[in-house]
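Structural description and commentary
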Amino acid sequence: MRERWRSVVAVQEAGRCDECVHGARESHRRAVAEFVGLREGFAAGQGLPAGVAHSPGASRQWVSDELTQAARTVSDRGREADGSRLRRLRLRSLVAVWACFGVLATVQLVTAMGAGWTGARTAGLLAALAVAGALTAGAHAHRARGGLLAPLAGEDNRLSTSRSVATAWVLAVCYAVLVLALQQAWSSAPADHDRLAGGLALGRGAGPLTVLALVCAVAVLVRRVVAVRVQGQRLQKVPADRPHPRDLVCDDDGRAAFADVQYVLVSAATLTYTLVQLGRGPGQLPELPWGVVLLMAVSAATYLAAKYAEGSRPVVMSVVRAREAGDLDGPIRTGDDIELRGSGFVPPGAGAPDRLARMVVRIGAVHVHVPLIPVPGGFANPTDTVLTVPVPAEVEPGQVDVQVVTAAGVESNRCLIEVTY
């Protein structure tokens, strides 16, 4: 089976085009299909060599090694395909930016038919052109990392909700200031200068500036909170393969997160109101009612509190001897399987087979890699609450500590067991 898998990988290597986007994606698709076929075959009891079929422990370890090797191949192909996906994301983000510019230009032209063209409309288009040009240049500078998504991605290679919200507000405020600056640039009447200067007064722009300071502070605090909790092993973070738009409203496992969803929705609604106010009065900073500012503050506080509360360390609650049907009850001996019961063994985002294979159980001084036990559609071991590992012969009889090391590198508490002869 190992030789057959290696021959399949060699054929894929020969037929893969490194410079072809379609080739990278097709290579990853084939690798995934081969892995699924291999897992389902092992789950059905097929493909075991005769040399290990007689021993349940040996066959389980052989299957786990084969699946681990295949999973690593899938991961390698996935990283290559992710490069092509990042390039597509860069192009799509630029299309979205220039589409917004086109929508703004169309709205300006349509509304100017009745009211007439004004200098404020020209300033709005020029300011939008400047912002779109700056974003395009930034996307080109970070083209290998997803273009516009690169500054928004956190250390775990996921899109950061706090950074994205703060960036949106920074762009909106910069656009508003540019509109006023361009109007002042070609205004010759002193009265117009005074009016535009008054539009920058703190009394008018206190609301948007307060919200800008708030979201920027939240972005900085969230980064600090996450870093401190990860370093203190109170939060498990597994890097993602690539940024994805769903990261803005989902947790690391891809499930919708209430705190993120409400923060994005409230921020989008508040930002929309601000831009509408700017469109109605382009000669001044948009006024934001303090009730809306308070709503934004409540949303930001909820999001920040959720970041403080999320995550936990893996916990081993108990360790028992695993018993199969027909086995006699007895103490834990070398060669037996033990079952670790607890929680937090599989961190969010670590459900991929190659990451499951990184889990280790430390039994005394011996590090035991958790075997992958396939079942139709997934794996029976490891799970988030139960791990099953063998006690190797290298473990000395007596009292030994058992500890779990997750794919995120976080260690659990120690649980004492007695190993007998």
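It should be noted that the structure appears before, not after, this text.
Calculation criteria
Residues numbered from 1 in each chain as written. Predicted model: local features only at pLDDT ≥ 70, side-chain atom pairs only at ≥ 80, totals over all residues. Heavy atoms only, no water. Helix = DSSP H or I, 4+ residues; strand = E, 2+ residues; numbered from the N terminus. Rg over C-alpha atoms; globule rule 2.2 N^0.38 Å. Buried < 20%, exposed > 50% of the residue type's maximum accessible area, 1.4 Å probe, protein only. Expected span 1.5 Å × (residues − 1). Phe/Tyr/Trp six-rings, centres within 6.5 Å; stacked < 30°, edge-to-face > 60°. Lys NZ or Arg CZ within 6 Å of the ring centre and 35° of its normal. Pairing = 2+ DSSP bridges. Axes fitted to C-alpha atoms, helices over the stretch in contact; angles between N-to-C directions. Parallel < 35°, antiparallel > 145°, perpendicular 65-115°, else oblique. Contact = heavy atoms within 4.5 Å. Nonpolar A, V, L, I, M, F, W, Y, C, P; charged D, E, K, R; others polar. Salt bridge = Lys/Arg side-chain N within 4 Å of Asp/Glu carboxyl O. Core = buried A, V, L, I, M, F, W, Y, C linked by side-chain atoms within 4.5 Å. Left-handed = near helix turned anticlockwise from the far one by under 90°.

Concerning the overall build of the protein chain
A tally of helices and strands in the protein chain yields 11 helices and 10 strands. Computed over the C-alpha atoms, the radius of gyration of the protein chain is 29 Å, more than 25% above the 22 Å expected from 2.2 N^0.38 for a compact globule of 421 residues. In terms of overall dimensions, the protein chain has C-alpha extents of about 95 × 50 × 30 Å along its principal axes. Looking at the protein chain as a whole, 43% of its 421 residues qualify as buried.

Quick look at helix H9 (residues 258-280)
Look at H9: 33 Å from first C-alpha to last across 23 residues, which is about the 33 Å you get at 1.5 Å a residue. Within the span of H9, buried status applies to Ala 259, Asp 260, Gln 262, Tyr 263, Val 266, Ser 267, Thr 270, Leu 271, Thr 274 and Leu 278.

Re the packing of aromatic side chains
Applying the stated criterion across every chain, the model contains 4 aromatic pairs. Plain terms: the ring middles of Phe 42 and Trp 62 are 5.7 Å apart, the flat faces sit at 80° to each other, and that makes the pair edge-to-face. With Phe 42 in helix H2 (residues 21-43) and Trp 62 in helix H4 (residues 56-115), this pair connects stretches of sequence that are 20 residues apart. Here the aromatic rings of Tyr 263 and Tyr 303 are separated by 4.6 Å at their centres, their planes lie at 15°, and the arrangement is stacked. Taken as a pair, Tyr 263 in helix H9 and Tyr 303 in helix H10 (residues 290-309) lie far apart in primary sequence, 40 residues in all. One exposure class covers both Tyr 263 and Tyr 303, and it is buried. Against the face of Phe 379 rests Arg 39, its NZ or CZ located 5.9 Å from the ring centre.

Observations regarding the sheet that holds strand E1 (residues 315-321)
Within the open sheet, the 3 strands sit side by side as E1-E3-E8. Their pairing is antiparallel. Of all the strands in the sheet, the pair left with one neighbour each is E1 and strand E8 (386-390). Averaged over all adjacent pairs, the angle separating strand axes in this sheet is 25°, with direction ignored. Relative to E8, strand E3 (residues 337-343) runs antiparallel, the two being bridged by 5 bridges. Each residue of the ladder has a partner; that of Ile 338, found in E8, is Val 389.

Things to note about unusual backbone geometry
Looking along the chain, the bond that leaves Asn 381 and enters Pro 382 is cis, with omega of 0°. Along the polypeptide, Pro 382 turns up in the loop between strand E7 (378-381) and E8. Within the chain, Asn 157 stands out as a residue other than glycine whose phi angle is a positive 65°. Here Asn 157 shows up in the loop between helix H5 (119-141) and helix H6 (161-186).

Quick look at the packing of H6 against H9
In contact at an axis separation of 10 Å, H6 and H9 are set at 5° when each is read in the N-to-C sense. Regarding the angle of H6 to H9, the classification is roughly parallel. Contact with H6, carried on its side by Thr 161, Ser 162, Val 165, Ala 168, Trp 169, Ala 172, Tyr 175 and Ala 176, involves Asp 260, Tyr 263, Val 264, Ser 267, Thr 270, Leu 271, Thr 274, Leu 275 and Leu 278 of H9 and no other residues of that element. Here the contact of H6 with H9 is built from residues that sort into 11 nonpolar, 5 polar and 1 charged.

A look at the pattern of salt bridges
The final tally for this structure, using the stated rule, is 19 salt bridges. With a closest N to O distance of 3.1 Å, Glu 155 and Arg 223 form a salt bridge. Of this pair, Glu 155 sits in the loop between H5 and H6 while Arg 223 sits in helix H8 (residues 202-231), and the two are 68 residues apart along the sequence. Taking the shortest distance from any N to any O, the salt bridge between Asp 252 and Lys 237 comes out at 3.1 Å. Here Asp 252 is found in the loop between H8 and H9, whereas its partner Lys 237 is found in the loop between H8 and H9, with 15 residues between them in sequence.

Focus: the nonpolar core
Core analysis: the biggest nonpolar cluster contains 41 residues, and Ile 338, Leu 340, Val 361 and Ile 363 have the highest contact counts within it. Excluding its chain neighbours within four sequence positions, the residues that come into contact with Ile 338 are Val 319, Val 320, Arg 321, Ala 322, Ile 332, Ile 363, Leu 387, Thr 388, Val 389, Val 391 and Ile 417. Membership of the second largest hydrophobic core comes to 23 residues, among which are Trp 169, Val 266, Leu 271 and Leu 304.

A few points about the packing of H9 against H10
For the pair H9 and H10, the least separation of the axes is 9 Å and the interaxial angle reads 155°. In this view, H9 runs roughly antiparallel relative to H10, as classed from their interaxial angle. Seen from above, H9 lies across H10 with left-handed handedness. Across the interface between the two elements, Phe 258, Ala 259, Asp 260, Gln 262, Tyr 263, Val 266, Ser 267 and Thr 270 of H9 pack against Val 292, Leu 295, Met 296, Ser 299, Ala 300, Thr 302, Tyr 303, Ala 306 and Lys 307 of H10.

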